[in-house]
Amino acid sequence: MPLDVALANEQVVELMRAGKMREAEAICRQVLAHAPGDTIAQLNLGAIATSAAVLRARQGRLDEAEAIFREALRLRPADPSAYANMALIVRQQGRPDEAIDWYRKAIAIGPNFPDPYNGLGSALRESGRIGEAVAAFRQAVAIDPSQREIHSNLVYAMQFDPDSSQEQTFAEHLNWGAKFAEPLRGQIAPHPNDRSPDRRLRVGYVSPDLCNHVVGWFMEPILEHHDREAFEVFCYADVAQSDDMSARLQQHCDAWRITAGQRDDQLAQLIREDGIDILVDLTLHMRNNRLAMFAYKPAPVQLTYLAYCGTSGMTAMDGCITDPHLSPPGLHEQFFTERLLRLPDCYWCYRPSALAPPVDALPASSRGFVTFGSLNSFAKVNDSVIETWSRILQSLPASRLILHVPGGDANASARERVTKAGIDPARVTLVSHQARADYFALYNQIDIVLDPFPYGGGTTSLDALWMGVPFITLSGRMPVGRAGVTLLSNLGLHDLIASSGEEYVRKAIDLAGDLTRLAALRGGLRARMNQSPLTDEPRFARSLESLYRSAWRDWCAAAPAI
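Residues numbered from 1 in each chain as written. Predicted model: local features only at pLDDT ≥ 70, side-chain atom pairs only at ≥ 80, totals over all residues. Heavy atoms only, no water.

(A) A look at the pattern of salt bridges. One pass over the full model with this rule turns up 32 salt bridges. A salt bridge links Glu-98 to Arg-95; the nearest nitrogen and oxygen atoms lie 2.9 Å apart. Under the relative-accessibility criterion, Arg-95 is labelled partly exposed at 26%. Here the residues in one salt-bridge network are Glu-220, Glu-224, Arg-248, Arg-351 and Glu-537, joined through shared partners. (Salt bridge = Lys/Arg side-chain N within 4 Å of Asp/Glu carboxyl O. Buried < 20%, exposed > 50% of the residue type's maximum accessible area, 1.4 Å probe, protein only.)

Structure, rendered in structure tokens:
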């Protein structure tokens, strides 16, 4: 009996909807054996291949995923999503230049789809081509202004862009808030929370990164040292897959809610039912943020902390946690919708990793030349940064530079940018993503870290200091550019903070010429950190709790909403 192609294709669609991909694929192949040119069957098989590839990508089987995506691309050569999927896979494999090419092919085929522009923006940002990234995100927003995640990508990218003014960046945050948060104000209900100022409070933390992630690492000492008589701790773990760090964090909580997949309104209702008094966002506009949920204002006091120090652009967010060095009084208030709440010492509490090796002797002492380095995300290394670093290397002809870039030596565009800035590529080592132990070991090859700008290092700067490597920082205009000011101020190393590009270059050259001081710093930075507020976990927890209590008392003293 001849195969009914139309009926078979309908069966395939039903099987795909039911998640029965193997059965669907078998029927697709029967159709194509009977009618090799059937377009619908080819598209269905391509969709099945895409689904299989996504699954393998989530499992870390990227080579298999790439092979399947290539087959899907052969079957669906006019489908822009097929090209965008290829771009995503090669991006995950550390091939950013190739990813950018695939995204551009997707855009050429489907110029009116926002997702390829969004992916292109992410790939360009990761490659340090921040001006192009901002332009790509703007184009994605223009095509589909309704996608809040894409608009979040734009406002976050502007933090990295030396050509985006503080006023422009803040205005774009306000645009985001007006589009995605303000329309929900009418759904904010009064809070029935007991207004006793000194009672035990329920504090909730919301994050997709309560796992083996930098947010998880910084949250562990906070959760561990919370005063449980004064605070009841809830974590809303929006993690796709829990891990050993998630399990450790959970041990320090009174309640651990797994919230992945919940709608914003559902999560807001859960938080209300839990009676949370102070709700803390740990993501801001970064990946998988839940800012739209905060727009429902499920808790009477809502604060932002840790992801990076910036504004949400929302009136429903009450405070942004910062410190006196990131945000000196009077410097940034006009660029925040939130009230700035300052910790007394430092924004971070650093718990050194057990994977960090002992500090080696100063490399320059045996090599005869100074090695500069930056193991920050290459997203922070814009052309102005490279040009400034070039001036330092040109003044010290024997010096070397180690940079962390996606793909390492295979990243042709990164090497081209370095060369264009006048740096001999033979003097530059490009290293790709490293296992954590290997990453720490790299600091034993670096004498001085060069902090990027306008978005400086945070975790990487703390890691460098722990490994005995000082850094030169440029005091930035916004909090994301002042992390180095906070860290060096807490260590009494104010002379390593520059107020201009010229001073940054001069300080780097001067420090490179003082091997005696470099050796002394290398041998003493760990002890200095251990004696500073940067690693004092109980002190930090008490300071954070004091800030929470003060914010709570302010709410208690305010007139209840009618």
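(B) Seen up close, empty space enclosed by the protein. Tallied over the entire structure, the rule returns two cavities of 30 Å³ or more. Counted as a void, the largest cavity has a volume near 60 Å³. Around the largest cavity sit Val-214, Trp-217, Phe-218, Tyr-350, Arg-351, Arg-436, Thr-459 and Asp-463, which together line it. Of all the elements in the fold, those that place two or more residues in the lining of the largest cavity are helix 11 (214-225) and helix 19 (459-466). Counting residues per element, the lining of the largest cavity draws most heavily on helix 11, at three residues. Residue composition of the lining of the largest cavity, grouped by class: four nonpolar, one polar and three charged. Taken as a whole, the second largest cavity holds about 50 Å³ of empty space. Here the lining of the second largest cavity is composed, by residue class, of five nonpolar, one polar and three charged. (1 Å grid on protein atoms, 1.4 Å probe; cavity = no way out; pocket = protein on both sides within 12 Å on 5 of 7 lines; lining within 4 Å. Points joined across faces, edges and corners; volume = space filled by probe spheres on them. Helix = DSSP H or I, 4+ residues; strand = E, 2+ residues; numbered from the N terminus. Nonpolar A, V, L, I, M, F, W, Y, C, P; charged D, E, K, R; others polar.)

(C) Broad picture of the pairing of strand 12 (residues 471-474). Every second residue of strand 12 is oriented toward a common face, with Phe-471 and Thr-473 on one face and Ile-472 and Leu-474 on the other, all of them buried. Two strands pair when backbone bridges link them, and strand 11 (residues 448-450) and strand 12 are joined in this way by two bridges, in the parallel orientation. Its bridge partner lying in strand 12, Val-449 is registered against Phe-471. In this fold, strand 11 hands off to helix 19, which returns the chain to strand 12; that crossover is right-handed. Pairing geometry for strand 12 and strand 13 (residues 497-498), over two bridges, is parallel. Residue pairing for strand 13: Leu-474 is matched across the bridge by Ala-498. Between the parallel pair strand 12 and strand 13, the chain is carried across by helix 20 (residues 483-490), and the sense of this crossover is right-handed. (Pairing = 2+ DSSP bridges. Right-handed = clockwise from strand over helix to strand, strands pointing away.)

(D) Spatial organisation of the pairing of strand 5 (residues 301-304). Here strand 5 shows two buried faces, one formed by Val-301 and Leu-303 and the other by Gln-302 and Thr-304. As defined by bridge partners, strand 5 adjoins strand 6 (residues 319-322) across two bridges and the pair is classed as parallel. Looking across to strand 6, one finds that Leu-303 is bridged to Gly-319.

(E) Looking closely at the side chain of Asn-444. Considering the arrangement of structural elements, one finds Asn-444 in the loop between helix 18 (436-442) and strand 11. For Asn-444, a relative accessible area of 12% gives the class buried. Within the structure, Asn-444 has its side chain in polar contact with the backbone oxygen of Pro-358 (distance 3.3 Å). Residues within four places of Asn-444 in sequence aside, it is in contact with Pro-357, Pro-358, Val-359, Asp-360, Pro-363, Met-467 and Arg-522. (Polar contact = N/O pair within 3.5 Å; in protein donor to acceptor, adjacent residues only side chain to side chain. Contact = heavy atoms within 4.5 Å.)

(F) A look at helix 19. Helix 19 sits mainly inside the fold: seven of its eight residues count as buried. For helix 19, the set of buried residues is Thr-460, Ser-461, Leu-462, Asp-463, Ala-464, Leu-465 and Trp-466. At its buried positions, helix 19 is contacted by helix 11, helix 18, strand 11, strand 12, helix 20 and helix 22 (515-530). Positive backbone phi, approximately 80°, marks Gly-468, located one or two places after helix 19.

(G) A look at the sheet that holds strand 12. Read from one edge of the open sheet, six strands run 10-9-8-11-12-13, paired in parallel fashion. Here the strands that pair on one side only, and so sit at the sheet edges, are strand 10 (428-431) and strand 13.

(H) Summary view of the sheet that holds strand 7 (residues 339-342). On the basis of which strands lie adjacent, the open sheet formed by seven strands has the order 3-2-1-4-5-6-7 and parallel pairing. The two strands at the open ends of the sheet, each matched to only one other strand, are strand 3 (255-258) and strand 7. Going from strand to strand, the sheet's axes swing by 25° on average, the running direction of each strand aside. As judged from the four bridges shared by strand 2 (residues 231-237) and strand 3, these two strands associate in the parallel manner. Its bridge partner being in strand 3, Ala-237 is matched across the sheet by Ile-258. (Axes fitted to C-alpha atoms, helices over the stretch in contact; angles between N-to-C directions.)

Coordinates in, geometry out; function isn't part of it.
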